[in-house]
Amino acid sequence: MGSENYLAERITTEREARNWSQSELAREMERAGCRIPQTAISKIEKPQRGGRRDISVDEAIGFARVFGIPLGELLLPIEATNDLEVAKDLAAGPTALVARDTAVDTYDQLVGRLRLLYATDQGWKVALEAELGRAVDAANTDDDAMVIARLQFLRDVVLIKPKRAQR
């Protein structure tokens, strides 16, 4: 049947995508609760004269678990998985767009509330400028994404760009 051949091809593809040897895959399978020796994986991936080694249902479930892929997807030909990924992306797009817009609105509200404090309360103005100074110092020594994001956030709050005068 085709799906077992597809599964065997997919096992090889997924293993190689992770830069795992067959021995490493065997160890991952054992960690997932499905003991399978490296020699069996070799016989699945590269059939001998007697044919490909059969894959048990438990092994197929183990491979799916180790690779983090639903079993049904693991049984599909590689070409079909590309179509499946595109379909998933198309389905996820609107949700991602709404989440992005919600995150932007939330960010704008946070910045707006802190800008108001910065503009109206001298104590908060001093505190926020001190935080900005610490953020600049941290960013000069650490390029971690959260450190840079904190700096940008505080710049957005404290460094209010003047609007251009309209004529």
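Residues numbered from 1 in each chain as written. Predicted model: local features only at pLDDT ≥ 70, side-chain atom pairs only at ≥ 80, totals over all residues. Heavy atoms only, no water.

Engineer: Hey, could you run me through the overall build of the protein in this one?
Structural biologist: Along the backbone of the protein there are eight helices and zero strands. Ordered by position in the sequence, the α and β elements of the protein form the string α-α-α-α-α-α-α-α. The C-alpha radius of gyration computed for the protein amounts to 27 Å, which surpasses the reference 15 Å derived for 167 residues by more than 25%, pointing to a less compact arrangement than a globule. Taken over 167 residues, the protein has a buried fraction of 26%. Long-range contacts, defined as pairs at least 24 residues apart, comprise 53% of the intrachain contacts of the protein with a sequence gap of at least 6. Approximately 11,500 Å² of the protein is accessible, and the part contributed by carbon and sulfur atoms is 55%. (Helix = DSSP H or I, 4+ residues; strand = E, 2+ residues; numbered from the N terminus. Rg over C-alpha atoms; globule rule 2.2 N^0.38 Å. Buried < 20%, exposed > 50% of the residue type's maximum accessible area, 1.4 Å probe, protein only. Contact = heavy atoms within 4.5 Å. Areas by Shrake-Rupley, 256 points an atom, 1.4 Å probe, with all protein chains shown as cover.)

Engineer: Explanation requested: the packing of helix H6 (residues 78–120) against helix H8 (residues 145–158) in the structure shown.
Structural biologist: Axes are the key here: two packed helices are described by the angle between their axes and the distance separating the axes. Taken N-terminus to C-terminus, the directions of H6 and H8 make an angle of 50°; their axes are 8 Å apart at the nearest point. By the criterion of interaxial angle, the relationship of H6 to H8 is oblique. Both H6 and H8 take part in a crossing whose hand is right-handed. Of the residues in H8, those touching H6 at Tyr107, Leu110, Val111, Leu114, Arg115 and Tyr118 are Gln152, Phe153, Asp156, Val157 and Val158. Split by residue class, the contact of H6 with H8 holds eight nonpolar, one polar and two charged. (Axes fitted to C-alpha atoms, helices over the stretch in contact; angles between N-to-C directions. Parallel < 35°, antiparallel > 145°, perpendicular 65-115°, else oblique. Left-handed = near helix turned anticlockwise from the far one by under 90°. Nonpolar A, V, L, I, M, F, W, Y, C, P; charged D, E, K, R; others polar.)

Engineer: Help me understand unusual backbone geometry in this model?
Structural biologist: A negative phi angle characterises most non-glycine residues, just as the trans form characterises most peptide bonds. You will see that Asn19, though not glycine, has its phi angle at about 60°, which is positive. Among the secondary structure elements, Asn19 is positioned in the loop between helix H1 (2–17) and helix H2 (22–31). Residue Asn19 is classed as exposed on the basis of its relative accessible area of 67%.

Engineer: Honestly, the nonpolar core in this entry has me stumped. Any pointers?
Structural biologist: For soluble globular proteins, the rule of thumb is that nonpolar side chains tend to be buried together. Membership of the largest hydrophobic core comes to 21 residues, with the highest contact counts inside it found for Ile11, Leu25, Phe63 and Phe67. Going through the elements one at a time, H1, H2, helix H3 (38–45) and helix H4 (57–67) are the ones with two or more residues in this core. Per-element tally for this core: the top contributor is H4, with five residues. Formed by eleven residues, the second largest nonpolar core is a distinct cluster that contains Leu128, Val147, Leu151 and Val158. (Core = buried A, V, L, I, M, F, W, Y, C linked by side-chain atoms within 4.5 Å.)

Engineer: Mind showing me how you'd approach H4 here?
Structural biologist: Turn by turn, an α-helix covers 3.6 residues, leaving residues three or four places apart pointing in a common direction. Among all positions of H4, only Glu59, Ala60, Gly62, Phe63, Ala64, Val66 and Phe67 are buried. Positive phi shows up at Gly68, right after H4, with a value of about 70°.

Engineer: What exactly am I supposed to notice about the confidence of the model for the protein here?
Structural biologist: When pLDDT is low, close inspection of the predicted coordinates is not appropriate. On average, residues of the protein score 90 in pLDDT, and 94% of them reach the 70 mark or higher. Least confident of the elements in the protein is H1, whose mean pLDDT is 88; most confident is H2, at 97. (pLDDT = per-residue confidence, 0-100.)

Engineer: I'm lost on the environment of Asp144 in this one. Help?
Structural biologist: Mapped onto the elements, Asp144 comes out in the loop between helix H7 (122–141) and H8. The partly exposed category is assigned to Asp144, whose relative accessible area is 38%.

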